[in-house]
Amino acid sequence: MDLKNPVEQAVILLRSRLCNPNFIFTLFSDSPDSNYSKLKYIISSSVTESCNNSVLLLGPRGCGKLAVLELVLEDLLREFPDMISVIKLNGLLHSDDNCALKEIARQLCLEHQLAFSKMASSDENSQFLIAMLRECGLAHKTVLFVLDEFDLFAQGKQRLLYSLLDAMQSVTSQAVVIGVSCRLDADQLLEKRVRSRFSHRKLLFLPPSREDLQRLLEHALLLPSGSDLPHEFVANFNSNLLNIFADKKFKDIMDTVFNTDSTFKQVLTFLFSALCHLDLKCGFLSVENFKDALSNIQRQPKLECLKDCSILELYILVCMKRLEVREHETCNFNSIMKEYKSIHDSFQTTDYYARDVCRRAFEHLLQRELISFLDNRGHGHSIEFRPVKLLISWQELYQGLKSYGSCPAILYKLVERETTT
Amino acid sequence: MSSEESPQITRRTTRLSAANSENAVDSSKSCALKPLSVNDLLYGNSPISLEELISSFPGRRGQIIELMSLLGPVNSPMFPTFVYGGSSTGKTSIVLNIFRHLRRPFVYASCITCYSPRILFESILNQLMLHRKSDSNGYSSIKRCDKPSDFVNLLREALSGVIGTLQGNAEKAGSKKAARWPNGKMVYLIFDSLNLVKEWEKSSTILPFLFNLYDILRMPEVGLIFISNNSLDTYYADTGFVEPFPFHFPDYSEDDLRQILLKHQVNKNLYSSFLDVVLRPFCRITRRVNELSTALLPLFKKYCEPLGDLGAVPNEDMKRKLYGHLQRHIAPSLNETFRVSAGLTSGASRSKDNERKGIVKKLEACTSSNELDFHMSTSAKFLLISAFLASRNPATLDASFFDSTGGSDNRKRKRKSSAKSLEQKETAEQELLMKGPGTFPLERLLAIFQCLTSVAEYSPDVEGQGNRATMGDSGYIGSHVLLQLSSLCNANFITKGGSCPLEGSTRYRSNVSEDMVLKVARSVKFPLSKYLYRR
């Protein structure tokens, strides 16, 4: 196990870097007006000045909100060792108030080495919370509440938010509430009484710029010289990588990635995929790996689905498209069969199958979610009468037919004709 | 995974005696079932090599190699992966066999068997905490868990436990036992059939929760793999979720299908010549392996009929002869691709009858025979016919169809069809196509039923003389009729439509096609066409 191939070791090292968001964001924590420094300033000032505060971190998914927060918390726990305790809640898990109170009590007990009873009722938990806040306030210890998926806490009656923010209004408590959300209007979701207790500090996290992306590439993929990999290998690997970065083809690939979706998550997925394509025998990355990675992340699921369909299923889709073009408001399986028969009569196709077979192909299409029922209420009706709609557009259908390979020519003609009429 | 040994009770003991002898059985059982260990998180008893893996899945070499590169070398963290593709494309079996080849420990939960969040969570926790449901713990899970928050806490504990054991194993490497131990310090969680979660009640919170599980846990020693029939874009969520890494399994091409179907055949040459003829037309209908193999089975039997020796290798002459014999059977059998035979014995006897009578099925004829291939009691048949008539005919015409003489005088009145009436007929037909069968209240159904059965009594050629006695007097509707109605509802021949808001009684709707009702009416010799309203 110890005598691993250096290439394998390097791959493992790089993969663990890419899967660890904390590593990536240490890069962006140095400049003074970055979100990292602003957040650190807010929290550390409320710790040192013993006051209460609240802040919202907003931004699209995959832009590093939680990662930056983790970095800030790590640093603060090192700077002020006994003065901070952190409670982490998640809207997906704890949006129910009782659940949330139980979790808060559990984490507080864990941190302060108290015994936690699972049988405690929510009243007892909330009294415990208030008592702990008071005690921590008297001991000059700040409690940080991290509320992930903050918009999910703002559903319903917002009792938890109100009790937290209300508890912060008293003089004896020292708490900071940090909300993290991907909805940019998360503070508009708050009730009036909650919003009035909330300090409207918001930090906006944005996807990186092109220059930041370049720095990220180098930071993530260049092997460190201090690791226990052989020096020569590290030097060769890094120089090869720098050559790739200077290559024009690579720059085009990076431009494509940046233009489609430039969030950190997407870029990291791209780098991860490129790393997976690394040829272990050759040992170095190449531009081909990055090209393969680009096609991996740029998927066209509906097109793939269409290529998986059988020819009968394509017929059914084309019939539905023709009905749609003729502006029938709704179509169901019976009207599709009528259209299918009329196509067969006018063009004498070889693909005319019995109704049962067509119905099963219709069900396959429903399973693949290329078509769906218009409403979910009609469970009493049999499948032949429920209205259905197409979930793909004409362009996608046409592209799918073109890339199908053995598609009968009649289908092209039928789809093309409808566009001109 | 772990082998379940059946308890030592024979079938003939009654429950009481088993309870009494529990103590005696218990001690023998407890030494029969050994406790689970981390080694049981592996798949399959013996490892397989890469060549075996690739050769057992024809056409999937690219996917196997790519998936293995996604998993990476031992102890390398991975992004959560989302494997998707059509059904019966081999996703589950390939993933499990890759783990068998790599000998890495994993926990598998399928959303088909775990049909609610609680069962899903408890199944995963049971496997991680190496808990087996048995008689001694009353077949209960190790912990009760139905909320995601509890699940995350317990999962963290369980995962740390398993990873600790694996790390201990890794340090003891080099001993003879290490050959049977799992590789590495990582544990993988596999969620299968994830598309079924979309139909759960709490799917709007459970799905984002599962996709965000990796970020919530923040444990790099855990790998997540999701398997689903549909791609990620069919998973709708309000505020989105963290998207896992997508991995597509395309459907098999024709060549791959040929290799797969040939794999387990005894006489590969014969079957290959069969596939030359048959595979392409069938692939135009469906490319799923399971459907193709069931559809091709009876056709292959027919193909082999003229051959005396099934082990023969056909030459060109024989191939042409066999093809000639098979040709006229291909087209009708295409139209029966998805038909499930009603039973092997009845199918075999019927085919022999057909051969004796020399029936050759025509291309345009109805795919099935003119008889019902299941049994229904006479009153159920009449109930079905009444339901069909009630759905098809408008209620206002009931009086003219079912007057007190028990017959109908539905003479087709020849009227000159003007353009407007033709147009009206067309729109009415279109409406029938779109709207479907109408609903009717229970009273109307019973009234029609009564009328029909009184007609049937008076007609002399009703099947089975004994039926007259069971119909009773013309005014009597027994409770057996209502029971028949509920069993017809269970069989989905009649469904409950919406209820009228004023009256509040439920309305029913008949679901059967006209062909089937014709068959039923023919079997009781009922003149259906006289009662059917034709616009």
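Residues numbered from 1 in each chain as written. Chains lettered and ligands numbered in written order. Predicted model: local features only at pLDDT ≥ 70, side-chain atom pairs only at ≥ 80, totals over all residues. Heavy atoms only, no water.

K.L.:
Talk me through the pattern of salt bridges; I want residue IDs and the actual numbers.
P.N.:
Residues and elements named next belong to chain B. Overall, the coordinates contain 35 salt bridges over all chains when judged by the stated rule. A salt bridge links E254 to R280; the nearest nitrogen and oxygen atoms lie 3.5 Å apart. Here the residue E254 occupies a position in helix α10 (residues 254–263), and R280 occupies one in helix α11 (residues 268–283), the gap between them amounting to 26 residues. Take E254: its relative accessible area is 29%, and that puts it in the partly exposed class. Judged by its relative accessible area of 54%, R280 is exposed. Here K319 ties to E316 by a salt bridge, and the two come within 3.7 Å at their closest N and O atoms. Here K319 pairs with E316, and both are found in helix α13 (residues 316–334), just three residues apart, close to one helical turn. Assessed through its relative accessible area of 28%, K319 is described here as partly exposed. (Salt bridge = Lys/Arg side-chain N within 4 Å of Asp/Glu carboxyl O. Helix = DSSP H or I, 4+ residues; strand = E, 2+ residues; numbered from the N terminus. Buried < 20%, exposed > 50% of the residue type's maximum accessible area, 1.4 Å probe, protein only.)

K.L.:
Let's hear about the interface of chain B and chain A: which residues, and what values?
P.N.:
Often, the extent of an interface is quoted as the loss of accessible area on bringing the components together. Listed per partner, the contact involves 70 residues of chain B and 69 residues of chain A. Buried area between chain B and chain A, summed over both chains or domains, comes out near 5,500 Å², and the portion from carbon and sulfur atoms is 54%. The largest per-residue losses of area from chain B upon contact with chain A belong to B:F79, B:R284 and B:M434, which jointly make up 13% of the total buried on that side. Joining chain B to chain A, the criterion identifies five salt bridges. B:K198 is paired through a salt bridge with A:E369; the nearest N and O atoms lie 3.2 Å apart. Of all elements in the fold, only α4 (61–71), α7 (148–171), α8 (203–211), α9 (213–217), β5 (245–249), α11, α17 (419–435) and β7 (494–499) of chain B reach the threshold of two or more residues within the side of chain B that touches chain A. Its residues assigned to classes, the side of chain B that touches chain A comprises 30 nonpolar, 23 polar and 17 charged. (Contact = heavy atoms within 4.5 Å. Buried area = accessible area lost by both parts, 1.4 Å probe. Nonpolar A, V, L, I, M, F, W, Y, C, P; charged D, E, K, R; others polar.)

K.L.:
How would you summarise the environment of B:L155 if you had to cite specific residues and measurements?
P.N.:
Residues and elements named next belong to chain B. Examined against the element boundaries, L155 turns out to sit in helix α7. Among the residues examined, L155 registers a relative accessible area of 0% and is labelled buried. Separated by 27 residues in sequence, L155 and L128 have C-alpha atoms that sit 8.2 Å apart. Setting aside chain neighbours within four positions, we find L155 in contact with I124, L125, L128, L189, L213 and L217.

K.L.:
How would you summarise the UniProt feature "domain: ATPase AAA-type core" (unreviewed entry) in chain A if you had to cite specific residues and measurements?
P.N.:
Mapped onto this numbering, the UniProt entry annotates "domain: ATPase AAA-type core" (unreviewed entry) at residues 55–201 of chain A. Secondary structure content for residues 55–201 of chain A is 47% helix and 17% strand, while the C-alpha to C-alpha distance between its ends is 5 Å. (UniProt positions renumbered as here; feature names shortened; annotations may be inferred.)

K.L.:
Describe in detail the domain arrangement of chain B, supporting the description with residues and values.
P.N.:
Domain parsing of chain B yields domain 1 (38–249), domain 2 (254–337) and domain 3 (373–402 + 435–454 + 477–534). For domain 2 of chain B and domain 3 of chain B, the distance between their C-alpha centres works out to 43 Å. (Domains from an automatic or database assignment.)

K.L.:
Before we move on, can you summarise the sheet that holds strand β1 (residues 81–85) of chain B with the specific residues and values?
P.N.:
Adjacent strands of a sheet pair through backbone hydrogen bonds, lying either parallel or antiparallel. Residues and elements named next belong to chain B. Reading across the sheet, the five strands line up as β2-β3-β4-β1-β5 and stay open at both edges, with parallel pairing between neighbours. For this open sheet the edge positions go to β2 (106–110) and β5, each flanked by a neighbour on one side alone. Ignoring strand direction, the axes of neighbouring strands in this sheet form an average angle of 20°. (Pairing = 2+ DSSP bridges. Axes fitted to C-alpha atoms, helices over the stretch in contact; angles between N-to-C directions.)

K.L.:
Give a detailed account of the packing of aromatic side chains, specifying residues and quantitative values.
P.N.:
Residue and element names in this part refer to chain B. Following the criterion strictly, the structure yields 34 aromatic pairs over all chains and no others. Geometrically, the ring pair formed by Y271 and F300 is edge-to-face, given 4.7 Å between the ring centres and 70° between the ring planes. On the criterion of sequence distance, the pair formed by Y271 in helix α11 and F300 in helix α12 (residues 289–303) is long-range, its members being 29 residues apart. This pair shows no difference in class: Y271 is buried, exactly as F300 is. Ring centres of F274 and F300 lie 5.0 Å apart, and the angle between their planes is 55°; on these two criteria the pair is classed as tilted. Residue F274 is located in helix α11, and its partner F300 is located in helix α12; the two are separated by 26 residues in the primary sequence. No difference in accessibility class separates F274 from F300, as the two residues are buried. An aromatic cluster is defined as three or more aromatic residues linked by ring pairs; in this entry it consists of F82, Y84, F191, F211, F226, Y235 and F241. (Phe/Tyr/Trp six-rings, centres within 6.5 Å; stacked < 30°, edge-to-face > 60°.)

K.L.:
Let's hear about the sheet that holds strand β5 (residues 202–204) of chain A: which residues, and what values?
P.N.:
Residue and element names in this part refer to chain A. Across the sheet, which stays open at both edges, the five strands sit in the order β2-β3-β4-β1-β5 with parallel pairing between neighbours. Either end of the sheet is taken by a strand with one partner, and the two such strands are β2 (84–90) and β5. When strand polarity is set aside, the average angle formed by the axes of neighbouring strands in this sheet is 15°. As paired elements, strand β3 (residues 142–148) and strand β4 (residues 175–181) share six bridges and run parallel to each other. Paired with V143 across the strands is A175, a residue of β4. The sheet strands contacting helix α3 (residues 35–48) are β1 (53–58), β2, β3, β4 and β5, and the helix crosses β1 at an angle near 165°.

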